[in-house]
Amino acid sequence: MTTARDRPAHVVVVGGGIAGLAAAWFLRRDAGDGVRVTVLEASPQVGGKLRVGDLAGVPVDEGAESLLLRRPEAIDLARAAGIELEDAATTSARVWTRGEMRPLPPGTLMGIPSDLRQLAGTGLLTSRELARIPLDAWLPRTSVGDDVSVGRYVAARLGRAVLDRLVEPLLGGVYAGRADQLSLAATLPQLVTHVRHERSLLAAVRASRVATPDVEGAVFGAPRGGVGR
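Residues numbered from 1 in each chain as written. Predicted model: local features only at pLDDT ≥ 70, side-chain atom pairs only at ≥ 80, totals over all residues. Heavy atoms only, no water.

Asker: Please clarify how the overall build of the protein chain should be interpreted in this entry.
Answerer: Scanning the protein chain from N- to C-terminus turns up nine helices and nine strands. Here the C-alpha coordinates of the protein chain stretch approximately 80 × 45 × 30 Å along the principal axes. Relative to its 229 residues, the protein chain shows a buried fraction of 36%. In the protein chain, the share of contacts with a sequence separation of at least 24, taken over all contacts with a separation of at least 6, comes to 65%. Total accessible area computed for the protein chain in this model is approximately 13400 Å², and 55% of it derives from carbon and sulfur atoms. When the 28 basic and 25 acidic side-chain charges of the protein chain are each reduced to a single mean position, those positions are 6 Å apart. (Helix = DSSP H or I, 4+ residues; strand = E, 2+ residues; numbered from the N terminus. Buried < 20%, exposed > 50% of the residue type's maximum accessible area, 1.4 Å probe, protein only. Contact = heavy atoms within 4.5 Å. Areas by Shrake-Rupley, 256 points an atom, 1.4 Å probe, with all protein chains shown as cover. Lys, Arg positive; Asp, Glu negative; His and termini not counted. Charge placed at Lys NZ, Arg CZ, Asp CG, Glu CD.)

Asker: So what exactly am I meant to see when it comes to the sheet that holds strand 6 (residues 85-87) here?
Answerer: Neighbouring strands of a sheet are bound in pairs by backbone hydrogen bonds; such pairs are parallel or else antiparallel. Here we have three strands laid out as an open sheet, ordered 5-9-6, and antiparallel in their pairing. In the strand order of this sheet, the two ends are held by strand 5 (67-68) and strand 6, each with one partner. Two strands pair when backbone bridges link them, and strand 5 and strand 9 (residues 220-223) are joined in this way by two bridges, in the antiparallel orientation. When the bridges of strand 9 are listed, Leu68 appears paired with Phe220. (Pairing = 2+ DSSP bridges.)

Asker: How should I be thinking about the environment of Thr38 in this particular structure?
Answerer: One can find Thr38 in strand 2 (residues 35-40). Residue Thr38 is classed as partly exposed on the basis of its relative accessible area, which comes to 25%. In this structure the C-alpha to C-alpha distance between Thr38 and Arg94, which are 56 residues apart in sequence, comes to 44 Å. Of the polar contacts made by the side chain of Thr38, one reaches the side chain of His10; its length is 2.8 Å. (Polar contact = N/O pair within 3.5 Å; in protein donor to acceptor, adjacent residues only side chain to side chain.)

Asker: What exactly am I supposed to notice about the environment of Val174 here?
Answerer: Relative to the elements of secondary structure, Val174 occurs in helix 6 (residues 160-175). Val174 gets classed as partly exposed once you look at its relative accessible area, which sits at 45%. With 13 residues separating them along the chain, Val174 and Thr187 place their C-alpha atoms 9.4 Å apart.

Asker: Looking at this structure, how should I read helix 5 (residues 150-158)?
Answerer: An α-helical turn contains 3.6 residues, so a residue and the one three or four places further along point in the same direction. Across the nine residues that make up helix 5, a large majority, seven, are buried. Val150, Gly151, Tyr153, Val154, Ala155, Arg157 and Leu158 are the residues of helix 5 that are buried. Where helix 5 terminates, the next one or two residues include Gly159, which has phi positive at roughly 100°.

Asker: Help me out: how do you make sense of the pairing of strand 1 (residues 9-14) in this one?
Answerer: Consecutive side chains of a regular strand alternate in pointing toward one face of the sheet and then the other. Two elements, strand 1 and strand 2, share six bridges in a ladder whose sense is parallel. Each residue of the ladder has a partner; that of Val13, found in strand 2, is Val39. Once you follow strand 1 into helix 1 (residues 18-31) and on to strand 2, the crossover reads as right-handed. (Right-handed = clockwise from strand over helix to strand, strands pointing away.)

Asker: Help me understand the packing of aromatic side chains in this model?
Answerer: Two aromatic rings are characterised by how far apart their centres lie and by the angle between their planes. Applying the stated criterion to the full structure yields one aromatic pair. Taken together, a centroid distance of 5.2 Å and an interplanar angle of 85° make the contact between Trp25 and Phe26 edge-to-face. What makes Phe26 partly exposed here is its relative accessible area of 31%. (Phe/Tyr/Trp six-rings, centres within 6.5 Å; stacked < 30°, edge-to-face > 60°.)

Asker: Is there a simple way to explain the nonpolar core in this structure?
Answerer: As a rule of thumb, nonpolar side chains are buried together in soluble globular proteins. Membership of the largest hydrophobic core comes to 34 residues, with the highest contact counts inside it found for Ile112, Leu125, Val154, Leu191 and Leu201. Going through the elements one at a time, helix 5, helix 6, helix 8 (189-197) and helix 9 (201-211) are the ones with two or more residues in this core. Looking at which element gives the most residues to this core, the answer is helix 6, with six residues. Dropping the residues within four chain positions of it, Leu191 is found in contact with Leu109, Ile112, Leu184, Leu201, Ala204, Val205 and Ser208. (Core = buried A, V, L, I, M, F, W, Y, C linked by side-chain atoms within 4.5 Å.)

Without other data, these values stay purely geometric and don't point to any function.
Right, here's the structure in full:
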C-alpha cells in the first residue's frame, strides 16, 4: 500500500515568469523524483516579461534583450538548460547632453567611471563638474550601512552630474527605475564588497573591475534565438 509519505512532495509555483520557471527548474534538478512541481500562469504563455515576438519576419525580444556577463546567475542557468550564449554587443552607448550626442567612456561600471582622462575626453561633463570628482579620494567615508541607494551613494562621492549623465542612463535602462530608488546591493553586488573596504568610490570601481574581468572579452551576451527562449 502506498502511503502519503511514499508519494513525492507537491510544490506549486505561482507565476510562470523567469523567476517562477527558474524556481521550478531548480526544484526538479535538486529534488529529482522526490518532488512534483506545478507551475501556475494566468496569461496564455510562460516567460513573463521575457518573450520573443516577430517583427517583419525577424524574431525580436520584447523585453530584456541581453545579459550582463559579469553576473553569473542567468549565465549558469542558460548553460545548464543547454542554451548557447553569444556576444550581444552591437554598438557603443551615447548620451544626448550639452547639445549633442556624446559617447560614454570605456571602462565604466554601470556608468560609474574608472578613468578620469577618458571621461574628460567625452565632453559629458563641464570642467567644473570634472573638478568635483577627485574630491572622492579626500572626502570622509560615506556610510552604506546594510544598503544604500545607488543615487545617494554616487552623488555623495562623485557629484550629481556623474549620476545624472552617466549612471542614470545605463542603470535606469537596465533596471527600469531611478537610481535614487535602486539598491546598491541589489544592482551592483560586485561593487558592494569593495565599497565597504575602500573609502574612494573610484578605487572601489577599479578593484571591482580587476576582480570581475569581462567574460571572453564581452560585456553583454544573449541566448542564441533571444532572451525570450
